[in-house]
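Here are the chains, one letter per residue:
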Amino acid sequence: MPHQIAAQNLICPLDQLPLSQVNNSLCCPSGHTFDLAKQGYVNLLPVQKKRSKDPGDSKEMVLARQRYLDAGIYQPISERLNQICQQILADSIEPCVIDAGCGEGYYLNRLASIPALASANLIGLDISKWAVQAASKRNKKITWLVGTNAQIPVQPNSVDLIVCTFGFYDFARFKPLLKANGMVLLVESGEEHLIELRELIYPEVQRSNVPDLAAAYAEGFELVDQQSIQFKPNTLNHEQVTDLLVMTPHLYRASFEGKQKAAALTELSVTADVVYRLLKIKPKA
Ligand SMILES: C[S@@+](CC[C@H](N)C(=O)[O-])C[C@H]1O[C@@H](n2cnc3c(N)ncnc32)[C@H](O)[C@@H]1O
């Protein structure tokens, strides 16, 4: 019995025609076929759309993030995400929610348990096949796709909410996918996020706020809610500090001395500071 892909709004990344499942493949009317991997996910990132052979996070980064998140260190971030989504989707009927840049699926898998999403069409998409492979083992009811945020392969006007946690968003590409009341929820690092680690590994720390939303406003979005959480997770042990460095860009950006200092740590207490911004397409006047 082939694994059944739940999402009914997928389109072919090559010609944008609807995809339907035939045995172990998704097929479009012009004959393009995309086979399901044995874990049940589908690769909808055609070679011609790839900028590198193995795009997105590496296997090592994905495994580090999975260990770190599964230890519950960022559970409050996921809990607030779930609360916000429960509130905004409580009255939606069979909503379609996409986690754009879902990584190894921690947040979307936990989001799937909220009452508002009991009969939802949930899609997790990431450009890293390693991330999607790991995610697809978490929850078989979610549709997991290898793909790019620059061309999410779903029908126009079919999505209620696009969630982007610590990811790469593109308002111009997201907008046509959203229903009239569709929303985008950005989950990003606040000024104090991991400040203790940053002070250790960089000669000078840039305390920068979340990016401005000019690109969103230019596309006709408006900010409808902004909230944040700060908390101190349990002290990280040496392995968790190493995982944190591997799963973020900090490992590449840190100075040589900074990396040595981090490698010598036996434990580290960090601050988590996360900002949630909810955007909606402005109704036409
Ligand atoms: C910092 S990680 C965040 C992962 C996950 N959202 C989380 O918070 O655990 C960023 C993710 O974006 C993915 N990514 C990078 N460029 C992408 C793109 N163009 N389209 C989709 N995913 C992308 C990476 O592979 C990586 O998994």
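Just so it is clear, the structure is predicted and the values come from calculations on it, not from any experiment. (Residues numbered from 1 in each chain as written. Predicted model: local features only at pLDDT ≥ 70, side-chain atom pairs only at ≥ 80, totals over all residues. Heavy atoms only, no water.)

Examining the nonpolar core
Nonpolar side chains tend to gather and get buried jointly when the protein is soluble and globular. Ranked by internal contacts, the top residues of the largest apolar core, which has 54 residues, are Tyr74, Ile77, Leu161, Leu185 and Tyr276. Filtering out sequence-adjacent residues up to four positions away, Leu185 remains in contact with Leu81, Ile84, Cys85, Leu161, Ile162, Val163, Cys164, Tyr276, Arg277 and Leu278. Membership of the second largest hydrophobic core comes to 33 residues, among which are Ile162, Cys164, Leu178 and Ile281. (Core = buried A, V, L, I, M, F, W, Y, C linked by side-chain atoms within 4.5 Å. Buried < 20%, exposed > 50% of the residue type's maximum accessible area, 1.4 Å probe, protein only. Contact = heavy atoms within 4.5 Å.)

Some details on the environment of Phe168
Tracing the backbone through its elements, the reader meets Phe168 in the loop between strand S8 (159-165) and helix H5 (171-174). Along the primary structure Phe168 and Phe221 are separated by 53 residues, whereas in three dimensions their C-alpha atoms are 17 Å apart. Leave out the neighbours within four places in its chain, and Phe168 touches Asn149 and Phe174. (Helix = DSSP H or I, 4+ residues; strand = E, 2+ residues; numbered from the N terminus.)

So, the pattern of salt bridges
With the rule as written, the count across this model stands at eleven salt bridges. Across the salt bridge formed by Arg65 and Asp57, the nearest N and O atoms sit 2.8 Å from each other. Residue class for Asp57 comes out partly exposed when judged on its relative accessible area of 23%. Each member of the salt-bridge network shares a partner with another, and the members are Asp70, Glu104 and Arg138. (Salt bridge = Lys/Arg side-chain N within 4 Å of Asp/Glu carboxyl O.)

Some details on the sheet that holds strand S3 (residues 33-35)
The antiparallel open sheet is built from three strands, whose spatial order is S1-S2-S3. Two strands in the sheet have a free side with no partner beyond their single neighbour: strand S1 (20-22) and S3. Within the sheet, the average angular offset between the axes of one strand and its neighbour, ignoring direction, is 30°. Across three bridges, the pairing between S1 and strand S2 (residues 25-27) is antiparallel. Looking at S2, one finds that Gln21 is bridged to Leu26. (Pairing = 2+ DSSP bridges. Axes fitted to C-alpha atoms, helices over the stretch in contact; angles between N-to-C directions.)

Let's talk about the sheet that holds strand S9 (residues 178-189)
Sheet strands pair by backbone hydrogen bonding; their relative direction is either parallel or antiparallel. Here we have eight strands laid out as an open sheet, ordered S4-S7-S6-S5-S8-S9-S13-S10, and mixed in their pairing. The sheet terminates laterally at strand S4 (42-43) and strand S10 (221-231), the two strands that pair on one side only. In terms of strand pairing, S9 meets strand S13 (residues 272-281) through seven bridges, oriented antiparallel. Across the sheet, residue Val184 finds its bridge partner in S13, namely Leu279. On top of the sheet, helix H2 (residues 75-89) reaches strand S5 (96-100), S8, S9, S10 and S13; it is set at about 145° to S10, its chief contact.

Regarding the UniProt feature "binding site: Zn(2+)" (unreviewed entry) in the chain
Mapped onto this structure's residue numbering, the UniProt feature "binding site: Zn(2+)" (unreviewed entry) falls at Cys28 and His32. Within the element layout of this structure, Cys28 appears in the loop between S2 and S3. Beyond its immediate stretch of four places on either side in the chain, Cys28 contacts Cys12, Asp15, Leu17, Pro18 and Leu19. At 3.3 Å, the side chain of His32 and the side chain of Asp15 are in polar contact. (UniProt positions renumbered as here; feature names shortened; annotations may be inferred. Polar contact = N/O pair within 3.5 Å; in protein donor to acceptor, adjacent residues only side chain to side chain.)

Focus: the packing of helix H1 (residues 59-70) against helix H8 (residues 238-247)
Contact geometry for H1 and H8: axes closest at 8 Å, N-to-C directions at 135°. Taken together, H1 and H8 sit at an angle that is classed as oblique. In the packing of H1 onto H8, the handedness of the crossing is left-handed. Along its contact with H1, which presents Glu60, Met61, Ala64, Arg65, Arg67 and Tyr68, the element H8 presents Gln240, Asp243, Leu244, Val246 and Met247. Classifying every residue of the contact of H1 with H8 gives six nonpolar, one polar and four charged. (Parallel < 35°, antiparallel > 145°, perpendicular 65-115°, else oblique. Left-handed = near helix turned anticlockwise from the far one by under 90°. Nonpolar A, V, L, I, M, F, W, Y, C, P; charged D, E, K, R; others polar.)

Section: the packing of aromatic side chains
For the coordinates displayed, the defined rule picks out four aromatic pairs. Ring centres 5.0 Å apart and planes at 80° place the aromatic pair Tyr68 and Tyr74 in the edge-to-face group. Here Tyr68 matches Tyr74 in class, with each residue buried. Among the aromatic side chains, those forming a connected cluster through ring pairs are Tyr169, Phe171 and Phe221. (Phe/Tyr/Trp six-rings, centres within 6.5 Å; stacked < 30°, edge-to-face > 60°.)

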